[in-house]
Amino acid sequence: MATLPVARITWREATVAQVRDETPHARTLILDVPDWPGHDAGQHLDVRLTAEDGYQAERSYSIASAPEDDHVALTIERIDDGEVSPYLAGDVVVGDRFEVRGPIGGHFTWRAADGGPLLLIGGGSGLVPLMSMLRHRAADPAGGAADARLLLSAREWDAVLYRDELGRLAGGAAAPPSITYTLTRGTPPGWTGWSRRVDAEMLEAVGPPPATDPIIFVCGPTPFVESVADALVGLGHAADAIHTERFGPTGG
Amino acid sequence: MPTDPDRLVLDGNALAGLLASIFGGAEMTAAARGCGSCGQRHPLGEHRLYRGAGLVLRCPGCGDVALTVVADEARGVREVRFAGRWSVAASVSSRGE
């Protein structure tokens, strides 16, 4: 729900507490944010960097961590000719500080109490907000009961974010999520999974049937989101059950 | 890619921070907008965002302009124009501040 009235959103100083390389092109920053008010899975925050000459650049990033986690985590994919991501996903070191504001966004969010079935469809680093949902689900005993399925499209196996953690989640004891991968630009030897772009046939095979009224979240580059959302509607899923979030070249 | 203009289109979720700053901190991406042109209702987060010299948010149903934001650098303000009927809940229900 949208809300009124609330306090003006303020910029806070975040300190990089930990840095973790996820893939050759993406890095997770674990942040200390004093007085962080907490967030819902799927929300993002704005980052503001200020150069010595006063020039400022702002970017919006999805939060990767669960609401239950101690720290706020962002996973940032490096766009080589970008303005901000080469720093955040490359040069940044522990102890660096920059401003953040948030959490922001309320449309692309899921709380364990919302239940399921939950169908998450991610393209590339569109996995980040969906990962926050899966981590939240794993941390919340009530949410763990909801049927949850993730369909992740990536260029190649080495480009899959959080690969080990996804494997642990899928192998978990209590109501593990079902996780399906499709690789669009090459597969490792012995690959038996999908190896093409997400299409209606794949969605029908992987997703819960429309009659079960799943809550659906789709995040990825704009053309990916458009084609997946169209295919879902074509399969008979309710348009208002499909939550989409598009990302694209925002100047990096 | 630069050759495909569709890739530059985002959605209203990308405006969450800006809208919150305009609306005194309120979370606006889940607010439904009734379009005065086609009559459909869609959350602002599902509207299409086009970015150029300014920002233009359009109805996903018909493309009608819902919101434009243009920065007026000389005066240090943002000129904001809205169209349509926006439904905003009166009570606080979000953990967003």
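Computed from a predicted structure; not experimentally measured. (Residues numbered from 1 in each chain as written. Chains lettered and ligands numbered in written order. Predicted model: local features only at pLDDT ≥ 70, side-chain atom pairs only at ≥ 80, totals over all residues.)

### Comments concerning helix H5 (residues 222-235) of chain A
Then, in step 1: When the terminal C-alpha atoms of H5 of chain A are compared, their 20 Å separation across 14 residues agrees well with the 20 Å that a helix rising 1.5 Å per residue should span.
Then, in step 2: Every buried residue belonging to H5 of chain A is among Thr 222, Phe 224, Val 225, Val 228, Ala 229 and Leu 232 of chain A, and all of these are buried. Across the axial projection of H5 of chain A, the buried residues extend over an arc of 155°, all falling on one side. Turned more than 90 degrees away from the buried face of H5 of chain A, the exposed residues are Asp 230 and Gly 234 of chain A.
Then, in step 3: Next to the buried residues of H5 of chain A lie strand S7 (118-123), strand S8 (148-154), helix H4 (200-206), strand S10 (215-221) and strand S11 (242-247) of chain A together with strand S1 (10-11) of chain B.
Then, in step 4: Within two residues after H5 of chain A, Gly 236 of chain A carries a phi angle of roughly 105°, on the positive side. (Helix = DSSP H or I, 4+ residues; strand = E, 2+ residues; numbered from the N terminus. Expected span 1.5 Å × (residues − 1). Buried ≥ 20, exposed ≤ 12 C-beta atoms within 10 Å, placed from the backbone. Arc of directions from axis to C-beta. Contact = placed C-beta atoms within 7 Å.)

### Considerations on the domain arrangement of chain A
All names here are of chain A.
Then, in step 1: Here the domain parsing of chain A yields domain 1 (12-104) and domain 2 (112-247).
Then, in step 2: Summarising the inter-unit geometry, the C-alpha centres of domain 1 and domain 2 are found 24 Å apart.
Then, in step 3: Within the residue set of the side of domain 1 that touches domain 2, elements represented by two or more residues are strand S1 (12-23) and strand S5 (72-77).
Then, in step 4: Looking at the side of domain 1 that touches domain 2 residue by residue, the class counts come to six nonpolar, five polar and three charged. (Domains from an automatic or database assignment. Nonpolar A, V, L, I, M, F, W, Y, C, P; charged D, E, K, R; others polar.)

### Description of the pairing of strand S9 (residues 178-183) of chain A
Then, in step 1: Pairing of S8 of chain A with S9 of chain A involves six bridges; the strand directions are parallel. Each bridged residue has a counterpart across the sheet, and for Leu 150 of chain A the counterpart in S9 of chain A is Ile 179 of chain A. (Pairing = 2+ DSSP bridges.)

### Regarding the nonpolar core
Then, in step 1: In terms of nonpolar packing, the biggest core is built from 73 residues, with Leu 74, Leu 120, Leu 130, Phe 217, Val 218 and Val 228 of chain A together with Ala 20 of chain B touching the most fellow members.
Then, in step 2: No other element matches helix H2 (residues 127-139) of chain A, which puts seven residues into this core.
Then, in step 3: Both domains that meet at this core, namely domain 1 (12-104) and domain 2 (112-247) of chain A, each give it at least three residues.
Then, in step 4: Not counting chain neighbours up to four residues away, the residues in contact with Ala 20 of chain B comprise Ile 9 and Ile 104 of chain A together with Gly 25, Ala 26, Glu 27 and Met 28 of chain B. (Core = buried A, V, L, I, M, F, W, Y, C linked by C-beta atoms within 7 Å.)

### A short note on the sheet that holds strand S7 (residues 77-82) of chain B
In a beta sheet, neighbouring strands are held together by backbone hydrogen bonds and run either parallel or antiparallel to one another.
Then, in step 1: Reading across from one edge, S1-S4-S5-S6-S7 (chain B) is the order of the five strands in this open sheet, with antiparallel pairing throughout. Across the chains shown, the open sheet's two edge strands, defined by having one partner strand only, are S1 and S7 of chain B.

### Concerning the sheet that holds strand S3 (residues 41-43) of chain B
Residue and element names in this part refer to chain B.
Then, in step 1: Strand order in the open sheet made by the three strands is S3-S2-S8, with antiparallel pairing throughout. Single-partner strands in this sheet number two, and they are S3 and strand S8 (85-87). The mean angle between the axes of side-by-side strands here comes to 25°, regardless of whether they run parallel or antiparallel. (Axes fitted to C-alpha atoms, helices over the stretch in contact; angles between N-to-C directions.)

### Digging into the confidence of the model for chain B
All names here are of chain B.
Then, in step 1: Of the residues in chain B, 84% have a pLDDT of 70 or more, and the chain-wide mean is 83.
Then, in step 2: Mean pLDDT values over the elements of chain B span from 86, in S8, up to 95, in strand S5 (residues 55-58).
Then, in step 3: Scored below 50 in pLDDT, residues 92-97 makes 21 contacts in the model with residues more than four places away or belonging to other chains.
Then, in step 4: Interface confidence for the predicted complex, expressed as ipTM, amounts to 0.80; the pTM equals 0.90. (pLDDT = per-residue confidence, 0-100.)

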